[in-house]
Structure formats: structure tokens, C-alpha cells
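# Per-entry structural report
Below, each chain spelled out in residue letters.
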Amino acid sequence: MKQWKKGLAAVLAMLTAGSIAACGSSNTASSGTAPAGTGSAPAKSAYAGETVYYLNFKPEVADVYKEIAQEYEMETGVKLKVVTAASNTYEQTLKSELAKSQAPTIFQINGPVGYNNWKDYCLDLKDTDLYKHLTDKTLAVTSGSGVYGIPNCVEGYGIIYNDAIMKKYFALADKDKSVTATSADQIRNFATLKAVVEDMTKHRDELGIKGVFSSTSFSNGEDWRWQTHLLNIPLYYEWKDINATQNPAVTGYAQKEIAFRYADNYKNIFDLYLNNSVTRKTLLGGKSVDDSMAEFAMEKSAMVQNGSWAWSQISKVGGNKVRKSDIKFLPIYTGVSGEEKQGICYGTENFLSVNKKADEKLQKASVEFLNWLYTSSSGKKYVYRSDKLGFIAPFDTFSEKERPDDPLTQEVSKWMSGKDVTNVTWSFQAFPSQNFKNAVGASLLKYTQGKEDWNGVKADVVNDWKSEKEKS
Amino acid sequence: MQKALKKYAAFFTLPTLLAFAVAFLAPFLIGIYLSFTKFSTITDAQWVGFGNYAKAFEQGGDFLHSLGFTACFAAITIVSINGIAFLFALMLTRKLRGTNFFRTVFFMPNLIGGIVLGYIWQLILNGVLYHVGQTVISDATYGFWGLVVLVNWQMIGYMMVIYIAGIQNVPQDLLDAAAVDGASSGQVLRHVTIPMVMPSITICLFLTLTNSFRLFDQNLALTGGQPGKDSAMLALNIYQTFYGTPGYEGVGQAKAVVFFLLVAGIALLQLRLTKRKEVEA
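Within every chain, residues take consecutive numbers counted from 1 along the sequence as written. Chains carry letters and ligands carry numbers; both start at the beginning, A for chains and 1 for ligands, and go up in the order they are written. Only residues with pLDDT of at least 70 get local features here, since the model is predicted, and only at 80 or more are side-chain atom pairs given and counted; chain-wide, interface and lining totals rely on the full set of residues. No hydrogens and no water enter the side-chain calculation; it runs on all heavy atoms of the structure.

## Things to note about the packing of helix α9 (residues 198–214) of chain B against helix α12 (residues 249–275) of chain B
Residue and element names in this part refer to chain B. Convention adopted: a line fitted to C-alpha atoms gives each axis, helices being fitted over their contacting stretch, and angles between N-to-C directions are expressed from 0 to 180 degrees. Strands here mean DSSP runs of E at least two residues long; helices mean DSSP runs of H or I at least four residues long; both are numbered from the N terminus. Between α9 and α12, the shortest axis-to-axis distance is 10 Å and the interhelical angle comes to 165°. For the element pair α9 / α12, the angle class is roughly antiparallel. As α9 packs across α12, the resulting crossing turns out to be right-handed. Along its contact with α9, which presents M198, T202, L205, F206, L209, T210, F213 and R214, the element α12 presents F259, L262, V263, I266, A267, Q270, L271, T274 and K275. In this count, Pro and Cys sit with the nonpolar residues alongside Ala, Val, Leu, Ile, Met, Phe, Trp and Tyr, while Asp, Glu, Lys and Arg are called charged and the others, Gly among them, polar. For the contact of α9 with α12, a count of residues per class yields 11 nonpolar, 4 polar and 2 charged. Oblique is the label for any angle not under 35 degrees, not over 145, and not in the 65 to 115 range, which are roughly parallel, roughly antiparallel and roughly perpendicular in turn. Crossings are classed by handedness, with left-handed meaning an anticlockwise turn of the near helix from the far one by less than a right angle and right-handed meaning a clockwise turn. For this analysis, residues touch if any pair of their heavy atoms sits within 4.5 Å.

Set out below in C-alpha cells:
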């Protein structure tokens, strides 16, 4: 009996100790350290044997980084460790990882707000080759004369439309006389868009759709297309009015208060989405982005506001009817004067930063790795190929041909190089916090349910900005 | 034997003590320290004193709102869960056919994780509210009652099992004596069964009370605090403060400390009150 008890206690003690050890090493993220090199290739880097640690933001490409790590180690002898934060947990993961002794040497910030939070950790990248190759220097996150975040991909968003349905509509004999456009690419302002959309709603049975626009998704955490992306447009114009030459995100970041002067323009497009939707207004609180994309893929709707990342989502919907050649972008017109020249919204919220608190050798090795990935031919192929990272990389080392072949991404490239087009840059990097965005989303939801009028929403946006800005 | 125990005491308690220190004591103390600082990672904290506590209670009063919401929620669910669970336990300790089957069925919801439950109930509730053209996040009232239903559904089975164990342990001779004395079934319940299952009641009240206050996954998955922050309970409010605004990590931490004191205080008070009612057979 005594023996038995002793044995049991020992087993329990071991189990307890074992579980502590397990806690230390377990991580929701996946780690992608490459296996040791073959040893036959000579080490080419001065930092061979060191380990560069990259905290990856995009879970969907976590596996690609494993391949990159393997090739990079073979070529240079430098180990690359990639940890991927689970979706929507980047800030949380970054917080805990940076506190460790083996902290990430390369991480991402989301713009000036992110920089403000992590400025003690961001190395000045002004003198790196990567920055010299950056095509649009205004995209980088700067402070004073220093450069602290370099964008690694640009993305675009607008109103995605299904050209097959649009062609069907323009071929209708009895369409409204006020519609003068004869194809979707002739829609060049809000008035035309509104006329077309409202007439399409009238003919929705003939077109075989339930509504022109996919559901304006408002379920929990699914409202970012409205509180972030759509809100970008009125605030872009507001900050452009304040300073026409400066990057509006920089202007916006400096504003302690906003006037939300283009609120009625926001209302124009938002009402159009709501009134010509697949779903009744009061039920939008139950819809997710996935629902919206599925509606578009199943041709229940003809248009949906989303970005260049959406094609992979649409094509994966079971029973997708939309053909690759029919998917196009339309700028989000809101009725601002001169918007005939407005393009789609393009920009990034992915900025690479190098950890200033890491060992100096590691900092240099990190910069060298980024250089390799975005400038060398062996690195670049991982960046632009659609089946790899699939980025539109904003560096002059990438030729016109070195772009992903995904239809929406190609559309973004087309709009970016379009003549006589002013694309709206992403200014929402300047939004003070997630709390601000959530509060705006809540007001918009109340508006869709008829519990708040538009003046209320306008006041909320202005007040939420002010109170969240005061906190930082 | 005594000697041997003393000799090996350190050896046997050390692993547990270490685990307790590493996994509980250290984070707890660091957490309290962090509530007095401004930090983005735990290694670069700067001392700010009681500022975080002041901010926790101003900020548009959403912390107090969450507190009220949580308190109402706790009051309702403690009564309903324990009441219904006790009734089920009484029913399923009668010698009826299929009691084991029903015990299993009632216990099963407890095996599903909170996040999954939240999403399932979100679908169900949205499906029901669809008929009146609403969704579960249209109004905080829907979120509130949705959570009440969800938690009842989840917890009743568990509490029922504890009550069943308690009821089965009521000595048969006491029940026989009561029957001989001519007690009605109501009197047996009031004067024999309930006093004898008092230890189970203490445990169940403690579990439901702390669970109601600490509820997080179900809240996050069902409504995420929507609309606005109207249906956010304390734990979710703390989480949103911590991650929602850069620079507000310390305030979230301060709220967490207040939250700990509150839950610990209420739970201790409850334990003391119900313990007093426990009797020996």
C-alpha cells in the first residue's frame, strides 16, 4: 500500500512538472524553422548560423514562409524562423513575443498608430537598400527624417462587380431612359451608379439576382468594410482639403478632431448599399463577410464592396458561378465633385519593421534577409507568384510582368497605372484605435436598424474620434 | 511513517509548489504590478500609480455598465440554474424508467466549448428573431436573454449531477423515520432533503456565481458585446479595453484587478453564508 502511494505521488509529480514544461513550449502559432542545411553549399552570408525571426501577419501564407526559410538557409546559411499569429491576434502575439529574450527581429506595424505604440522597437531603415527600391516613398511610415516601416505589399479595394450580370442588364430593352451608360466601365460618378443600381433593382427578377449589392454585413467583427474601408473615403477627402500635397494618412494622424465634412457622401453610398441589398435592413446584424461573398459567388448579387484579396474567397465558395474573366473593380463613388477621375482605394497596412532592441548582428541579418526576399531573383519569385505570397510588391525591382495573375490583383495594377486617375490612398491607418472603429460600426448598425438618424451617426463619429484620440 | 513523511515532504510538495508559483503566483503578482504602469510589453512598463484605476472608472462609464449588466445576469442565472437543476435532480432520483438516459442527455451540453455554443445559439436565436425582423445584436436585451438561455442550457446538467449525488447521499434511515412520523413529501423535502444536501448547494452556488461573473467565451461568440458595448460583460469589457486602444493595456489590467477583488469578495461571502447552514447527519 505504502509502495503504491509513493509510486502514485511520483507519477503525479512528474505529470505536474511535465505540464509546466508543455506550457512553456506550446504556442498557437506555427513555427517554421528550416531543417539544417545539407552542408555542401558554402555559407555566403556574414551572418551564417544566426537566426532571423519574422513574426508573420498573414496566416494564409504561413506555409510559403517555410519554403522561403528552406531556400534562404540553403543559399546563405542564415536560419529563418517564422512564427505566424493566428488571424486577428497579431497585436496580442506581438506583445508577448517582443517581451521574450528571443524576440522577433522582423515584425509588422499597421501604420502611424502602430508605430506610435511600437516606436521603442522600430529601427530606422532610411539607409537600407529596400527603402531605396520603394517606388512610392510616401507609402512608408516615417517620423522626422527616419523611416520606421516599409510596406511589403499594396492592396486595393472598391466595388467588385460581376460583368456577366452587368452585360445582361445593359442588354435589356426596357431599362430606364435616364440610364445613359451602356457598359459598366462607363459608370464614372455616383449619379450614374445610383441610376444604374436602382434600375437594376427594378429588373432583378429578369437578371436573376436577389439584390444588386451583397449584404452589408454587420455581425460581430464583420463590419470592417464599413467602419474602416468605406469610412476611408470621406476622411481621405477631408484631409486632402486640409493639405493637398501631404499623404492624407499623415495629415489625419495629426488631427485631434475631425469634422466628418463628407458625411453626406458616406450616406449616399451607404444608403445605396442598404436599399438595393440582397438582405432586409433589420436582418443585417446576422450577416458576415463570408455570407456577402457567398451571395456574390452564387450570383444572388451583382456587386460587393471588398478588396483584391477577395478572389481566393469567391473562387473557393462551393457552387461559385462567377468566372475569372467577369470579375472587375469599380471605384466607390460617393458624389464628391470631380470624382470622375477617382480610382479605387489602394494602399497597405502591412509595414515591415526591424527590432531595434535585437542584437545588432541580428538587425543586420534581418535587413539582409528582407533585401534578399524583395530584390534577388530567387527571393522575388516567392513574393509575386499567386500560388506563393501573391503580393503586389511596391518596389522597383519587380517588373510589370512580375505581378500575381489573380484577376482582382491585376485589376488593382491596372487602376494603379491608369492615366488621369487619382486613386484614393488608404488613410484609415490614421484611425486612432480598434475601439474607434468598433464604435463607428455600432452607430452604423443602429442607423441600419432605424434606431438612430444620420445626424446621430455623424455626431458619434466626430465624438468617438475625439475621445479615442485623447486616450493616446 | 510520520518521520518518513516529514523527510520527504519537501520532495513531494516541491513540484506542485513550483507549478503554483510559476503558473499562478508569479503572473498574478506581475499582473497587479502592471496595473499601476503604462506598458505595451511587460518588459517596458513605466510606473503611473493609480492613474489607470481612475481611467477605468471614467471612460464613458462602460465599466460600470458592464458591472450592472453582469450583476443582473448573475442574479437571474444563479436562481434559474440552481432551481431548475435541483428540480431535475429530484425527478431523476425517483425510480423512474430511463433516468440514466436523461441524466446523460442533460449533462451533454456541458461538454461543448463556450465558443462553439455561442455560435450555435447565435444561429438559433437569429433564426427565431428573423420572424420579427431582428437579430441578436439588434438590442442588448436580446443579447442578455440569449446569454441567460445559453448559460442555463449549458450549466443545468452539470449542477444537476452534483445535486443528484447529494440527494442520493441522504441517509435512508432519516427518510424512513420521517415517513414513520407521517411527514408529507413537502415536509420531507424542506426538513430532511434540503438540509442534508446543503454542501451540494454551497458548491453549486459557488460555481454558478463565479461562472456568471467570469463568463467570457459565450459572451464573445454570441454577441461580442454588440450593439456597441451594451451587451459586454465584465470579462469581455476588460479584454476589449486591453486590446482595443493602444496605450490602454494598463487600464485593462487595473480593471482586471478590480474584477478579481470583486469576484473573490462575493464568492467568499457566499461561501461563508451557505457553509453556516450545513448540518451533520
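## A look at the packing of aromatic side chains
All names here are of chain A. In this analysis, rings of Phe, Tyr and Trp, with Trp reduced to its six-membered ring, are considered paired at centre separations within 6.5 Å, and the interplanar angle assigns stacked below 30 degrees, edge-to-face beyond 60, and tilted for intermediate values. Scanning all chains against the criterion turns up 51 aromatic pairs over all chains. Measuring from centroid to centroid gives 5.3 Å for Y236 and Y237, while their planes differ by 80°, and the two rings are edge-to-face. For every residue, the accessible area obtained with a 1.4 Å probe (protein chains only) is divided by the maximum for its type, and the residue is called buried under 20%, exposed over 50%, and partly exposed between those limits. For Y237, a relative accessible area of 14% corresponds to the buried category. Ring pairing ties together the aromatic residues Y157, W239, W426, F428, F431, F436 and W465, which thus form one cluster. Over the aromatic face of F398 sits the side chain of K380, whose NZ or CZ is 5.6 Å from the ring centroid. For a lysine, the NZ atom is tested; for an arginine, the CZ atom; a charge sits over a ring if that atom is within 6 Å of the ring centre and within 35 degrees of the ring normal.

## Looking at a nonpolar patch on the surface
Residue and element names in this part refer to chain B. Nonpolar side chains collect at one region of the surface, where I112, I115, V116, Y119, I120, I124, V128 and W153 lie side by side and expose about 670 Å² of accessible area between them. Looking at the nonpolar patch, the element that brings in the most residues is helix α5 (residues 114–129), giving 6 residues. One can find V116 in helix α5. V116 gets classed as partly exposed once you look at its relative accessible area, which sits at 45%. Patch members must show over 30% relative accessible area and no salt bridge, and they are joined within 9 Å when carrying like charges or within 5 Å when they are nonpolar side chains of Val, Leu, Ile, Met, Phe, Trp or Tyr. Computed by Shrake-Rupley with a 1.4 Å probe, the accessible areas treat only the displayed protein chains as cover when residues are assessed. Any Lys or Arg side-chain nitrogen found within 4 Å of a carboxyl oxygen on Asp or Glu counts as a salt bridge.

## Some details on the environment of L123(B)
Residues and elements named next belong to chain B. With respect to the secondary-structure elements, L123 resides in helix α5. For L123, a relative accessible area of 66% translates into the label exposed. Residues L123 and R94 lie 29 residues apart in sequence; the distance between their C-alpha atoms is 36 Å.

## Section: the domain arrangement of chain A
Residue and element names in this part refer to chain A. In this document the domain limits rely on a domain assignment from an automatic tool or a database. Along its sequence, chain A is organised into domain 1 (34–154 + 348–398) and domain 2 (156–346 + 424–471). Between the C-alpha centres of domain 1 and domain 2 the distance comes to 32 Å. The largest contributions to the domain 1 side of the interface with domain 2 come from P112, V113 and T348, which together make up 48% of the buried area. The tally of links from domain 1 across to domain 2 stands at 0 salt bridges. Whenever two N or O atoms come within 3.5 Å, that pair is a polar contact, provided that in protein one can donate a hydrogen and the other can accept it, and provided that, for residues adjacent in sequence, both atoms are side-chain atoms. Across the contact surface, domain 1 and domain 2 share 3 residue pairs in polar contact (both at pLDDT 80 or more). The element best represented in the side of domain 1 that touches domain 2 is helix α4 (residues 112–118), accounting for 3 residues. Taken together, the residues that form the side of domain 1 that touches domain 2 break down as 4 nonpolar, 5 polar and 2 charged. Buried area is calculated as the accessible area (1.4 Å probe) missing from two parts once they are joined, with the contributions of both summed.

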